[in-house]
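Chain by chain, the residues:
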Amino acid sequence: MTRYLIAGAAGMLGQDLRTALAGRDVTAFSRAELDVTDRDAVIEAVAGHDVVVNASAYTKVDDAETHEDAAYAINALGTENLATAAARTGGRFVTVSTDYVFDGQAAEPYAEDTPRDPINAYGRTKAAGEELALAAHPEGTYIVRTAWLYGAGGANFCATMLRLAQTHETVTVVDDQRGQPTWSLDLAARIVDLVDSEAPAGVYHGTNSGVATWYELARAVFEEAGLDPDRVRPTDSSAFVRPAPRPTYSVLGHDGWAKAGLPSMRHWREALHEAASTGVFANGPR
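Everything in this summary refers to the structure shown in the same document. These figures come from a predicted structure and were not determined experimentally. (Residues numbered from 1 in each chain as written. Predicted model: local features only at pLDDT ≥ 70, side-chain atom pairs only at ≥ 80, totals over all residues. Heavy atoms only, no water.)

### Remarks on the overall build of the protein
A count of helices and strands for the protein gives 10 helices and 12 strands. A compact globule built from 286 residues would reach a C-alpha radius of gyration of about 19 Å, and the protein, at 18 Å, matches this within 12%. In terms of overall dimensions, the protein has a C-alpha envelope of 55 × 40 × 35 Å along the principal axes. Split into buried and exposed, the 286 residues of the protein put 54% on the buried side. Looking at the protein alone, contacts between residues at least 24 apart form 80% of all its contacts between residues at least 6 apart. Summed over all atoms, the accessible surface of the protein reaches about 12,300 Å², with 49% contributed by carbon and sulfur. Counting 24 positive and 39 negative side-chain charges, the protein places the averaged centre of each group 3 Å from the other. (Helix = DSSP H or I, 4+ residues; strand = E, 2+ residues; numbered from the N terminus. Rg over C-alpha atoms; globule rule 2.2 N^0.38 Å. Buried < 20%, exposed > 50% of the residue type's maximum accessible area, 1.4 Å probe, protein only. Contact = heavy atoms within 4.5 Å. Areas by Shrake-Rupley, 256 points an atom, 1.4 Å probe, with all protein chains shown as cover. Lys, Arg positive; Asp, Glu negative; His and termini not counted. Charge placed at Lys NZ, Arg CZ, Asp CG, Glu CD.)

### Structural notes on the packing of helix α2 (residues 39–46) against helix α3 (residues 68–89)
Each pair of packed helices can be described by the angle between their axes along with the distance between the axes. Running from amino to carboxyl end, α2 crosses α3 at an angle of 40°, the nearest separation of the two axes being 9 Å. By the angle class used here, α2 and α3 are oblique. Pair α2 / α3 crosses with right-handed handedness. Of α3, the residues touching α2 (which contributes Arg39, Val42, Ile43 and Val46) are Glu80, Asn81, Leu82, Thr84, Ala85, Ala86, Arg88 and Thr89. Of the residues in the contact of α2 with α3, the class split is 6 nonpolar, 3 polar and 3 charged. (Axes fitted to C-alpha atoms, helices over the stretch in contact; angles between N-to-C directions. Parallel < 35°, antiparallel > 145°, perpendicular 65-115°, else oblique. Left-handed = near helix turned anticlockwise from the far one by under 90°. Nonpolar A, V, L, I, M, F, W, Y, C, P; charged D, E, K, R; others polar.)

### Description of α3
Taking 1.5 Å as the rise per residue, α3 with 22 residues should run 32 Å; its terminal C-alpha atoms sit 31 Å apart, in good agreement. Remark: the principal bend of α3, roughly 30°, maps to Leu77. At the C-terminal side of α3, Gly90 shows a positive phi close to 75°. (Expected span 1.5 Å × (residues − 1). Bend = angle between axes of the 7 residues up to and from the residue.)

### Notes on the packing of helix α5 (residues 157–165) against helix α7 (residues 214–224)
Orientation of α5 relative to α7, taken along the N-to-C sense of each, is 60°, at an axis distance of 10 Å. Where α5 crosses over α7, the handedness of that crossing is right-handed. Across the interface between the two elements, Phe157, Cys158, Met161, Leu162 and Ala165 of α5 pack against Trp214, Leu217, Ala218, Val221 and Phe222 of α7. Each residue belonging to the contact of α5 with α7 can be placed in one class, and the counts come to 10 nonpolar, no polar and no charged.

### Some points on the packing of aromatic side chains
Summed over all chains, the structure comprises 7 aromatic pairs. Here Trp148 and Trp214 contribute two aromatic rings whose centre-to-centre distance is 3.6 Å and whose plane-to-plane angle is 15°, an arrangement assigned as stacked. With Trp148 in the loop between β5 (141–146) and β6 (149–150) and Trp214 in helix α7, the pair connects residues that are 66 residues apart, well separated along the chain. When the centroid spacing of 4.7 Å and the interplanar angle of 50° are considered together, the rings of Phe157 and Trp214 count as tilted. With Phe157 in helix α5 and Trp214 in helix α7, this residue pair connects regions lying 57 residues apart in the sequence. Three or more aromatic residues link up through ring pairs in this structure, and these residues are Phe102, Tyr110 and Tyr249. (Phe/Tyr/Trp six-rings, centres within 6.5 Å; stacked < 30°, edge-to-face > 60°.)

### Some words on the nonpolar core
Taken as a class, soluble globular proteins show a tendency for nonpolar side chains to be buried jointly. Core analysis: the largest hydrophobic core is formed by 27 residues, its most contacted members being Tyr150, Val173, Leu217 and Leu272. Only α5, β7 (171–174), α7, α9 (268–277) and α10 (280–283) provide two or more residues apiece to this core. Looking at which element gives the most residues to this core, the answer is α7, with 7 residues. In contact with Val173, other than residues within four places in its own chain, are Phe157, Met161, Trp214, Tyr215, Ala218, Val232, Arg233, Pro234 and Thr235. Grouped together as the second largest cluster of nonpolar side chains are 25 residues, Ala7, Phe29, Leu82 and Tyr122 included. (Core = buried A, V, L, I, M, F, W, Y, C linked by side-chain atoms within 4.5 Å.)

In structure tokens form, the structure reads like this:
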């Protein structure tokens, strides 16, 4: 029987990975239970497991600008530790990365083999994690890049929009950044599909299909909640200056799935509708 280990199991994606792997032999560690920056602890924990999934991450994008060492320790060195441990056991290693490894200036979807060119500290630490994992376990590392993630298990844009709707007659959202809203449960299921398949190790883009701006996503969230979408007003990024620069274009290509014999993930609007119908945003973090 295949034995799975999830690092970062208490986070939004980690919780959904546990759901997607229900009924299997799974060891799930929260950040408090397994410090991925402790190499000896990681090697001991991973021993005896066939598949290791890294859902742990330092995700405070703006804070990373002034705490890059802390972000690097988790996103880069922690990822390397898990990859090294998986290599020792001969197991497969899946680590979740991000669209932020790119410069965000493209005009067409980023291919899986596009050179990394991050524009902020968070992106640099995630790019380093990819490189270190591939160097540590080249034959068994699967990098799954995602973007614009939302789900029941943590803070996210969709839940924020509905919270603001309770206290504001209108909300203003940027309409000049494009990406792919992705339901964390869809991503978790796709990661399980990946490790269940005969797909080769390498880079895959785990985002729902289609493209939206944050403004378009906010309107869709309002619609799903039965609210008037015209309460959402568009603006541009100059209205929301933040410490870390944001990519203007975060659309990821999905050719890797076709090469692996797997379909692309479904359209973001279909996923959002199902997520809303299951009470994801009403329930809040669980």
